[in-house]
Amino acid sequence: MRLFTAVTALCGLLLPSSVVCADERVAAISEFNPPQVFKNTNLVRHTNLEKGYVRETVNVVVENVGKQPQSDYYLPFSSDVFDKVGSLEVRDKKAVEKGRFNVEAVELDFRSDLEYFVIHFPEPLAPKSQITLGISYTLLNSLNPRPATIEQSDRQFLSYSFSGFTISAYPTVTQKTKLKFPSTKVPDFTVTEGLKTSSGSDPERQGATFTYGPYDTSKVAPGTTYPITVRYEFTNPIITASLLERDLEVSHWGGNLATEERYWLRNNGSELTSQFSRVEWTISSYQNLPSSALRELKYPLKAGSVDPYFIDDVGNVSTSRYRPGKPNRDAHLELRFRYPIFGGWNYSFRIGWNNDLASFLRRAVTGADSYVLKVPFIEGPKAPEGAQYENVVVRLILPEGSRNVKYELVEGSASNGLPGPNQIRSHLSDYKTYMDTLGRTVLTLEAENLSDEARDSQLVVTYDYTLLDGLRKPFTITAGLLAVFAAAWFIGNIDVSIRKR
Amino acid sequence: MADAPVDALLKGSSGKNTRGLLRTIILFTIAAAAVSSRLFSVIRFESIIHEFDPWFNFRATKYLVENGFHSFWDWFDDRTWHPLGRVTGGTLYPGLMVTSGAIYHFLRFLTLPVDIRNICVLLAPAFSGLTAFAMYLLTNEMSPSPSAGLLAAAFMGIVPGYISRSVAGSYDNEAIAIFLLVFTFFLWIRAVKNGSIMYGALTALSYGYMVSAWGGYVFITNLIPLHIFVLLCMGRYSTRLYISYTTWYALGTLASMQIPFVGFLPIRNSDHMSAFGIFGLLQLVAFAEFIRGYVPTKQFQKLLTSMIIITVAVGFIGLSLLSISGVIAPWSGRFYSLWDTSYAKIHIPIIASVSEHQPTAWPAFFFDLNFLIWLFPAGVYICFRDLKDEHVFVVIYGVLASYFAGVMVRLMLTLTPIVCVAAALALSHIIDTYVTISPKQAQAKSTESSSESLRSSRSPVVGIYSYASKAIVTSSVVIYLLLFVAHCTWVTSNAYSSPSVVLASRLPDGSQFLIDDYREAYYWLRQNTPQNAKIASWWDYGYQIGGMADRPTLVDNNTWNNTHIATVGKAMSSPEEVSYPILRQHDVDYVLVVFGGLLGYSGDDLNKFLWMVRIAEGIWPDEVKERDFFTSRGEYRVDDQATPTMRNSLMYKMSYYNYNSLFQQGQAIDRVRGVRLPAEGPQLSTMEEAFTSENWIIRIYKVKDLDNFDRDHMSAAAFDRGQKRKRASKRRGPRVLRTE
């Protein structure tokens, strides 16, 4: 496991350790063409359309055809999807346990059809040698409901357009694309002619899986596209949060970890052609028909979560329920919204709960006054149709006087659903509340384009917090009260009467 | 005597301290009881603003907190009364909002992040604790008995007549105004008793605060002069009166004129003239008193008579001239309705349509005051036994407030404090008589007075001295008090603790089931309509839409423009052809109606519909006629016997549109009015249903845009239904749909 830490104590600097050339900004070039030093010998792309966003995994065998050892592999996206790419992660497919490669966006200062990420190999690839890259990412807001408006009881269809030839900066010898649909109902899809190397129909259907290819594209120039569109049934809502704000507040005195999340939710599915009809909705929910409207979300909470609430701008949402669950089993917060959320409708709300701090916090081995906190980075509702988050702001509010704050996002051998550490912005600030004098230390982490795959990602934070810091508040309050008493005594003793003495 | 340690605590200087401590503890307990008995709704539901007016106050407070005091003072609100807008900063009593804002900023200063909503919700209970304390002070001025003040404080803390306007969430002007009312009276009594300039000035300050908080300040403006006037008539003029009144009037009037909404009313409005007149009268009386010292009696009599005649004549002529020329504003409609209860019904339907302006029903007195209402006359009688200046005040206040409480339901609130004072006086008198006077003292007294009396003339211990009578009286008092507490708790819990935004009902298994349709619909509006979509609804819901849905409204509970309200009433009570141009002209995007037919919710718009008709008829008597909504037999019906005018009215159509598709053919039932509806539901062509809440309480309709092919909506809808176009299109009628 590689350790990315941000030493952010007082200066608030981001200093990634053990990262090769991480802070080197890639210079913007007026006309950018990556050096042609690689060749993709074989490329297999898996596109998963089962959720409300696109999940793609590209496995590509890369060969260095240059003379020098190379370590920078350029990954292009067309500029209209570039901003929708999230959770980009690249690993060596042969050695996944070695962790993710460092990836960063190339900043171009001119408009271009393609924009690039650059993947830095941890050790340069020698000429003629090969490496298998596993590139995985999500594409948010890339599924378009077609037809764009439907009747309330109609079924919803989504269309997805992509290029049959995977866009790459380098020539690709063979490639194919596998599509996984939520169901077998795929009424419209592009059929190619004379592209496939082997015989048979293209695409090849197998249940809910389509395969385009394999194609021999060694003669095709890099960047050539072949548009393919598929349209498939998707009866679930497309849950999109334009913003998720998540506050985690640590209290040593109360032994409590308070979580509050604020969602700005939207259903990106088909909008209603005519207006909402309550009669139809009553009938369809009575018959339990599938609907593209979001009626309810299930939010699993850790066992032992207490005091949950679900409120919006006008107060408590009385239709929700909390099932505390059995000991050591997850509790469930059932968020039933005030009204069903149809395509294009919004709902912003706030939920929160408390946990016992002991299961998240322990003293560090290194020092007596040093603590290690391990909390989920995001949690979010669990739904089969998935959820996408355009912007996520996580604020970790540490006790007053915490110093030396370092954080790290836990990585395993599989993807944690988060982008690389340098795609997450972080800063430290102060936050004054509940009779604070100095203000609490707040670590803010911001990320874009996340999906519910990041649900189980963990955030580890270490900080120093001495006993004296803990006693600051009682001292302050005592001193304040004493000052009030003293003032009252003093004022009471002043004789302001105008009578003669 | 018996217990030495107790005696040590209760006698001498340490006894004084002990009693003081005990009194403080009791007062704190009373305040705690007052606060906690108002928290039923928070515990049962949630921390939420109740009813209608509080939503405006809450919205104004949020505006104050967000934009600062100066922009609040100059606030022009273009999100209400579209397209007129409202000069909100100049047409409200800012005291309530400024108080909450000050508390909010104070807590922020202590870095306590208390939400402004929670401050607003809990303001009324917090101030009720202060009211109890002010009541203690006021009653202490009336009676030498230490128990009277504590009893009055306890009564005030839990009496339903006050709780009805001060439960948690009832964030209205009365929340702080009753405290200020009582406190101002306390300071006034102090000022009159001592002839103190300081207390007079404090009264004026407290009065100024009261003016900033509630329109009911006029009650004080008239009661204090009346107190002075009665005292003068009783020949009780003294420099004390002169000092306290002139100080209060001069400073108080200046203070009240600082509020933009009040402005120059204190010198122009008839409601304030009595205070001004008494001020003048008091100068004359003082002058007369001054002259009396220098002039022989006989000449003084002559001088006085001529002076009185001249003054009265000049005053009367001047007043009537000013009234006729309009410098002094005429009496307001609400004032007239105080004297003639049927005045409003005939002349101002908008005042009569408010339930709290109705005359009080007799049981309401017992409901709101319980056994205090029959202790009240006894208390007033006790005041007569020892008729000092302050007792005169109690008598006047009692008489006036009883009358007003009988005229208007909401004025029960002003009666409550004086009932508590009087009842506490009476009850403390009883308790003191029966509990503290011991027979030995009485006997000692009698032996002192007639030491030579015969043994046979010494009566046995009877009457109030006997233990039996003491036991009976005290135990019955205790029982009454216990019953009072039980009654208050019951009334508070059952009658006054419903937020009315959320409706509670019980499921068969006894668990609570919340009907949350209002918030469902308002939140839908807030989230899924454009920020500036104009919502038309009856004025009752204006404040709630402004507060919860955050959308501009046409009319709201401020009811300052009767014509605008009548316009909405006309749109609701006219056929679609007439309503559509009205709605288009007012930029209306959505129309919201409340319909209780599915659930049996009786407070819906169809039950209020006749008020809309009446108010509209007041402005357009030729176009809207109340008679047309009644059947030939004079019945108000919505079923298949309903009149054509009723069935064609927009309100009827919007209420029942699509309703029968929820039932089997011909089985549609309106559960509020208990009737079966016509098999064929109404057709709407100029609007479309946009949202209906879960239990159909709120129905929102979108006003259609103009037709793409320039047809009128009727023929467009007919075309969509596949009907043949009628040949009647050539007919030139008054029905005009296009607005542009």
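Residues numbered from 1 in each chain as written. Chains lettered and ligands numbered in written order. Predicted model: local features only at pLDDT ≥ 70, side-chain atom pairs only at ≥ 80, totals over all residues. Heavy atoms only, no water.

Describing the overall build of chain A
So the rule is basically this: Strands here are runs of E lasting at least two residues and helices are runs of H or I lasting at least four, both read from the DSSP assignment and numbered beginning at the N terminus. Should any heavy atoms of two residues lie within 4.5 Å, those residues are considered in contact. Per-residue and other accessible areas follow the Shrake-Rupley method at a 1.4 Å probe size, with only the shown protein chains counted as cover for residues. Note on charges: Lys and Arg go in the positive column, Asp and Glu in the negative column, and His and the chain ends are not counted at all. Here the site of a charge means NZ on Lys, CZ on Arg, CG on Asp, or CD on Glu.
Scanning chain A from N- to C-terminus turns up three helices and 31 strands. Taken along its principal axes, the extent of the C-alpha atoms in chain A is 115 × 65 × 50 Å. Taking as baseline every contact in chain A between residues at least 6 positions apart, the subset at least 24 positions apart corresponds to 76%. For chain A, the accessible surface area stands at approximately 23600 Å², while carbon and sulfur atoms represent 54% of it. For chain A, the distance from the average position of its 55 positive side-chain charges to the average position of its 57 negative side-chain charges is 5 Å.

Some remarks on the domain arrangement of chain A
Residue and element names in this part refer to chain A. Worth spelling out the cut-off: Start and end points for every domain follow an automatic or database-based domain assignment. Values labelled buried area give the accessible surface lost by two parts on being combined, using a 1.4 Å probe and summing over both. Salt bridges are identified by distance alone: a Lys or Arg side-chain nitrogen within 4 Å of an Asp or Glu carboxyl oxygen. Pairs of N or O atoms are called polar contacts if they sit within 3.5 Å, as long as, within protein, a hydrogen donor faces a hydrogen acceptor (for residues adjacent in sequence, only side-chain-to-side-chain pairs).
Domain annotation of chain A identifies domain 1 (38-233) and domain 2 (239-474). Between the C-alpha centres of domain 1 and domain 2 there is a distance of 31 Å. Taken together, the contact pairs 34 residues of domain 1 with 40 residues of domain 2. Both faces combined, the contact of domain 1 with domain 2 buries some 2800 Å², and carbon together with sulfur accounts for 38% of it. Counting the surface domain 1 buries against domain 2, the share from its top three residues, Arg-100, Leu-140 and Gln-152, is 25%. On the surface where domain 1 and domain 2 come into contact, there are three salt bridges. Here Glu-411 ties to Arg-100 by a salt bridge, and the two come within 3.7 Å at their closest N and O atoms. Summed over the shared surface of domain 1 and domain 2, the result is 21 residue pairs in polar contact (both at pLDDT 80 or more).

Topic: the side chain of Asp-436 of chain A
Where we set the bar: Residue exposure (1.4 Å probe, protein chains only): buried if accessible area is under 20% of the type maximum, exposed if over 50%, otherwise partly exposed.
Mapped onto the elements, Asp-436 of chain A comes out in the loop between β29 (425-431) and β30 (440-451). Judged by relative accessible area, Asp-436 of chain A falls into the buried class, the value being 5%. A polar contact of 2.7 Å, which involves the side chain of Asp-436 of chain A, links it to the side chain of Lys-473 of chain A. Ignoring sequence-local partners within four residues, the contact set of Asp-436 of chain A consists of Glu-400, Tyr-431 and Lys-473 of chain A together with Thr-111 of chain B.

As for the interface of chain A and chain B
Definition in use: Each residue is assigned to one of three groups, with Ala, Val, Leu, Ile, Met, Phe, Trp, Tyr, Cys and Pro labelled nonpolar, Asp, Glu, Lys and Arg labelled charged, and all others, Gly among them, labelled polar.
Listed by partner, the interface residues are 21 residues for chain A and 28 residues for chain B. Buried area between chain A and chain B, summed over both chains or domains, comes out near 2400 Å², and the portion from carbon and sulfur atoms is 54%. Three residues stand out in chain A for area buried against chain B, namely Gln-275, Arg-278 and Val-314 of chain A, and they jointly supply 28% of the buried area on that side. Summed over the shared surface of chain A and chain B, the result is four salt bridges. The partner of Glu-694 of chain B in a salt bridge is Arg-336 of chain A, and the shortest N-O contact between them spans 3.8 Å. Here chain A is connected to chain B by 17 residue pairs in polar contact (both at pLDDT 80 or more). If you list the elements that add at least two residues to the side of chain A that touches chain B, you get α2 (278-286), β21 (315-316), β23 (331-341) and β24 (346-356) of chain A. For the side of chain A that touches chain B, the class distribution of residues is eight nonpolar, seven polar and six charged.

So, the state of the cysteines
Residue and element names in this part refer to chain B. Applied cut-off: The definition used for a disulfide is geometric: two cysteine sulfur atoms within 2.5 Å.
A full pass over the atoms with the stated rule returns zero disulfides over all chains. With no disulfide of its own, Cys-233 has Cys-383 as its nearest cysteine by sulfur position, at a separation of 19 Å. Unpaired in terms of disulfides, Cys-383 finds its nearest cysteine sulfur in Cys-420, a separation of 14 Å. Since its relative accessible area comes to 1%, Cys-383 is described here as buried.

Describing the sheet that holds strand β5 (residues 102-105) of chain A
All names here are of chain A. Note the following rule: In short, DSSP must find at least two bridges between two strands for them to pair. To get an axis, fit a line to the C-alpha atoms, keeping to the stretch in contact for a helix; angles then go from 0 to 180 degrees between the N-to-C directions.
Spatially, three strands are ordered β3-β6-β5 in an open sheet, and the strand pairing comes out antiparallel. Whereas interior strands pair on both sides, the edge strands pair on one side only; in this sheet they are β3 (70-78) and β5. Shown here is a sheet whose adjacent strand axes are inclined to one another by a mean of 25°, direction ignored.

Concerning the UniProt feature "transmembrane region" (unreviewed entry) in chain A
Spelled out, the test is: UniProt positions are given in the numbering used here, feature names are shortened, and annotations may be inferred rather than shown by experiment.
The UniProt feature table records "transmembrane region" (unreviewed entry) at residues 475-496 of chain A. Within the segment residues 475-496 of chain A, helix and strand shares are 86% and 0% respectively, and the terminal C-alpha atoms sit 34 Å apart.

Focus on the UniProt feature "domain: STT3/PglB/AglB core" (unreviewed entry) in chain B
As recorded in UniProt, the sites labelled "domain: STT3/PglB/AglB core" (unreviewed entry) are residues 535-584 of chain B. With 58% helix and 4% strand, residues 535-584 of chain B has end C-alpha atoms that lie 12 Å from one another.

A few points about the environment of Pro-227 of chain A
Mapping Pro-227 of chain A onto the fold places it in strand β15 (residues 227-233). Distance in space between the C-alpha atoms of Pro-227 of chain A and Glu-448 of chain A is 27 Å, their sequence separation being 221 residues.

Here's the deal with empty space enclosed by the protein
Using a probe with the size of a water molecule, rolled over the atoms, empty space left in the structure can be pinpointed. Residue and element names in this part refer to chain A. Threshold: Using a grid of 1 Å spacing that covers the protein atoms alone, one calls a set of points a cavity when a 1.4 Å probe fits there but cannot get out, and a pocket when the set is open and has protein on both sides within 12 Å along at least five of seven lines; lining residues are those with an atom within 4 Å of a point. Grid points are joined across faces, edges and corners, and a volume is the space filled by probe spheres set on the points.
If you walk through the whole model with that rule in mind, you get three cavities of 30 Å³ or more. Thr-166, Thr-172, Gln-175, Ala-221 and Pro-222 are, among the 13 residues lining the largest cavity, the residues nearest its centre. Every residue along the wall of the second largest cavity is listed here: Arg-246, Leu-248, Leu-257, Thr-259, Lys-302, Ser-305, Trp-353, Asn-355, Phe-360, Pro-376 and Glu-379. At the level of secondary structure, the elements contributing two or more residues to the lining of the second largest cavity comprise β16 (239-251), β17 (256-267) and β24. Split into classes, the residues belonging to the lining of the second largest cavity amount to five nonpolar, three polar and three charged.

So, the packing of aromatic side chains
The test is simple: A pair of Phe, Tyr and Trp rings is counted when the ring centres sit within 6.5 Å of each other, with Trp represented by its six-membered ring. The angle between the planes then sorts it: under 30 degrees is stacked, over 60 is edge-to-face, the rest tilted. Geometrically, a lysine NZ or arginine CZ counts as sitting over a ring once it is within 6 Å of the ring centre and also within 35 degrees of the ring normal.
A complete count under the given rule lists 88 aromatic pairs over all chains for this structure. Between Tyr-652 of chain B and Tyr-656 of chain B, the aromatic rings sit 4.9 Å apart at their centres with planes inclined by 65°, giving edge-to-face as the arrangement. Here the residue Tyr-652 of chain B and the residue Tyr-656 of chain B both occupy positions in helix α31 (residues 650-656), the gap between them amounting to four residues, near one helical turn. Summarising the burial analysis for this pair, Tyr-652 of chain B and Tyr-656 of chain B share the class buried. Looking at Arg-231 of chain A, its charged tip hangs above the ring of Phe-157 of chain A, at a distance of 4.8 Å from the centre.

Some details on a nonpolar patch on the surface
Note the threshold: Patches here: salt-bridge-free residues with over 30% relative accessible area, like charges joined within 9 Å, nonpolar side chains (Val, Leu, Ile, Met, Phe, Trp, Tyr) joined within 5 Å.
Nonpolar side chains collect at one region of the surface, where Met-435, Ile-477, Leu-481, Leu-482, Val-484 and Phe-485 of chain A together with Phe-106, Phe-109 and Leu-110 of chain B lie side by side and expose about 900 Å² of accessible area between them. Residue assignment for the nonpolar patch shows that the elements contributing at least two residues are α3 (467-493) of chain A together with α5 (95-109) of chain B. Here the element with the most residues in the nonpolar patch is α3 of chain A; it accounts for five residues. Note on placement: Phe-485 of chain A falls in helix α3.

So, the pairing of strand β7 (residues 130-139) of chain A
Residue and element names in this part refer to chain A. Most of β7 is tucked away: nine of the ten residues are buried. Looking at chain direction, strand β2 (residues 54-64) and β7 are connected through ten bridges and run antiparallel. The residue bridging Arg-55 from the neighbouring strand is Thr-138, located in β7.

Regarding the confidence of the model for chain B
What counts, and what does not: pLDDT measures the predictor's confidence residue by residue and takes values from 0 up to 100.
Averaged over all residues, the pLDDT of chain B equals 86, while 90% of them reach at least 70. Note that residues 446-452 of chain B has pLDDT below 50 and, in this model, one contact with residues that lie over four places away or in other chains.

A word on α3 of chain A
Residue and element names in this part refer to chain A. Our working rule: Take the number of residues in a helix, subtract one, and multiply by 1.5 Å to get its expected span. Axes are fitted to the seven residues ending at a residue and to the seven starting at it; the angle between these axes is taken as the bend at that residue.
Between its first and last C-alpha, α3 extends 39 Å over 27 residues, near the 39 Å set by a 1.5 Å rise per residue. Remark: the principal bend of α3, roughly 30°, maps to Lys-473, with a proline, Pro-474, within the next four residues. Residues of α3 that are buried: Asp-469, Gly-470 and Lys-473.

As for the sheet that holds strand β13 (residues 204-206) of chain A
All names here are of chain A. Pairing is mixed across the open sheet formed by seven strands, whose spatial order is β4-β7-β2-β1-β11-β14-β13. A single partner strand is all that each edge strand has here, and the edge strands are β4 (85-92) and β13. For this sheet, the mean angle separating the axes of adjacent strands, direction not counted, is 15°. Taken together, the six bridges between β4 and β7 define a ladder with antiparallel strand orientation.

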